[in-house]
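So you can see what is in the structure, the chains are spelled out below.
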Amino acid sequence: MKCPYCGFTQDRVIDSRESKEADSIRRRRECERCTKRFTTYERIDEIPYMVVKKDGRREKFERQKVLSGLLHACEKRPISAGTLETLVDETESYLTESPERERTTSEIGELLMGRLKALDTVAYIRFASVYRDFKDVREFKEELEQLLTREQPGRKARAAAQPGLPPAEKA
């Protein structure tokens, strides 16, 4: 730390204390050349993680906003609040672990939709309808058809695995 009085770069810390808000550390220092004392504050560098919207605007990532969207999509569905918290945690980790400090809404949305699709298809469709901003019923129908065609092989396999049911009654 450079002395504000003489510019010398060697000093010693005399006292360190945490601030009342616990968001910084106050240090009393003494210059080794002129022996004058001065105070410095140490804080965490808080550069926010940003989300780039579809129109190019940038907004600070808000955990609560993501959780709110998931809660709406999962309303009256058998998905626990803990599971939704985990999804938001994963999303936040995705942001904080990337070398860039910003991600696009499409990256975040696709991540969430992939997780929701594995959890609950109804919640997935609800989330996708808002996220993808379906313009009409045709777009909504196309998404549903894609979802159903991906599920068909699994349904046929489950139906074939049920012994004793006549073919007409299988799934």
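As a reminder, the structure under discussion sits directly above these lines.
Keep in mind the model is a prediction, meaning the values are calculated, not measured. (Residues numbered from 1 in each chain as written. Predicted model: local features only at pLDDT ≥ 70, side-chain atom pairs only at ≥ 80, totals over all residues. Heavy atoms only, no water.)

Asks: Sorry, what's going on with the overall build of the protein chain here?
Replies: When helices and strands are counted, the protein chain shows 5 helices and 6 strands. Put simply, the protein chain runs from its N terminus to its C terminus through helices and strands in the order β-β-β-β-β-α-α-β-α-α-α. When burial is assessed residue by residue, the protein chain has 26% of its 171 residues classed as buried. For the protein chain, long-range pairs separated by at least 24 residues make up 37% of all intrachain contacts whose partners lie at least 6 apart in sequence. As displayed, the protein chain has an accessible area near 12,000 Å², and 51% of this comes from carbon and sulfur atoms. (Helix = DSSP H or I, 4+ residues; strand = E, 2+ residues; numbered from the N terminus. Buried < 20%, exposed > 50% of the residue type's maximum accessible area, 1.4 Å probe, protein only. Contact = heavy atoms within 4.5 Å. Areas by Shrake-Rupley, 256 points an atom, 1.4 Å probe, with all protein chains shown as cover.)

Asks: Honestly, the packing of helix α1 (residues 63-73) against helix α4 (residues 121-131) in this entry has me stumped. Any pointers?
Replies: Each packed pair of helices is defined by two parameters, the angle between the axes and the distance between the axes. One can describe the packing of α1 onto α4 by two numbers: an axis separation of 8 Å at closest approach and a directional angle of 125 degrees. Here α1 is positioned oblique relative to α4, judged by the angle of their axes. In this structure, α1 meets α4 at a crossing whose hand is right-handed. Across the interface between the two elements, Gly69, Leu70, His72 and Ala73 from α1 touch Ala123, Arg126 and Phe127 from α4. Classifying every residue of the contact of α1 with α4 gives 4 nonpolar, 2 polar and 1 charged. (Axes fitted to C-alpha atoms, helices over the stretch in contact; angles between N-to-C directions. Parallel < 35°, antiparallel > 145°, perpendicular 65-115°, else oblique. Left-handed = near helix turned anticlockwise from the far one by under 90°. Nonpolar A, V, L, I, M, F, W, Y, C, P; charged D, E, K, R; others polar.)

Asks: What's the story with the packing of aromatic side chains in this structure? I'm lost.
Replies: Two aromatic rings, taken as a pair, are described by how far apart their centres are and by the angle between their planes. The full count for this structure, using the stated rule, is 0 aromatic pairs. Over the ring of tyrosine 49 we find arginine 101, and its NZ or CZ is 4.2 Å from the ring centre. (Phe/Tyr/Trp six-rings, centres within 6.5 Å; stacked < 30°, edge-to-face > 60°. Lys NZ or Arg CZ within 6 Å of the ring centre and 35° of its normal.)

Asks: Whenever I open this one, the pattern of salt bridges confuses me. Can you help?
Replies: For side chains of opposite charge, pairing can occur when their charged atoms come near one another. One pass over the full model with this rule turns up 18 salt bridges. Linking glutamate 100 and arginine 103 is a salt bridge whose minimum nitrogen-to-oxygen distance equals 3.7 Å. (Salt bridge = Lys/Arg side-chain N within 4 Å of Asp/Glu carboxyl O.)

Asks: Sorry if this is basic, but what is going on with the packing of helix α2 (residues 81-96) against helix α3 (residues 105-119) here?
Replies: Following both chains from N to C, one finds α2 and α3 inclined at 150 degrees, their axes separated by 11 Å at the closest point. Judged on the interaxial angle alone, α3 and α2 are roughly antiparallel. Pair α2 / α3 crosses with right-handed handedness. Contact residues: α2 offers Thr83, Leu87, Glu90, Thr91, Tyr94 and Leu95, while α3 offers Glu107, Ile108, Leu111, Leu112, Arg115, Leu116 and Leu119. Residue composition of the contact of α2 with α3, grouped by class: 8 nonpolar, 2 polar and 3 charged.

Asks: Can you help me understand the state of the cysteines in this one?
Replies: Two cysteines, two sulfur atoms, one covalent bond between them: this is a disulfide. This model, assessed by the stated rule, comprises 0 disulfides. No disulfide involves cysteine 34; its sulfur sits 3.8 Å from that of cysteine 31, the nearest cysteine. For cysteine 34, a relative accessible area of 25% translates into the label partly exposed. (Disulfide = S-S within 2.5 Å.)

Asks: Looking at this structure, I do not really get the sheet that holds strand β2 (residues 24-31). What am I missing?
Replies: Neighbouring strands of a sheet are bound in pairs by backbone hydrogen bonds; such pairs are parallel or else antiparallel. The 3 strands lie next to each other as β1-β2-β3, forming an open sheet whose pairing is antiparallel. Looking at the sheet topology across the chains shown, the edges are occupied by β1 (11-18) and β3 (37-43). With strand direction ignored, the average angle separating the axes of adjacent strands in the sheet is 25 degrees. The pairing of β2 with β3 spans 7 bridges and is antiparallel. Across the sheet, serine 24 pairs through a bridge with arginine 43, a residue of β3. (Pairing = 2+ DSSP bridges.)

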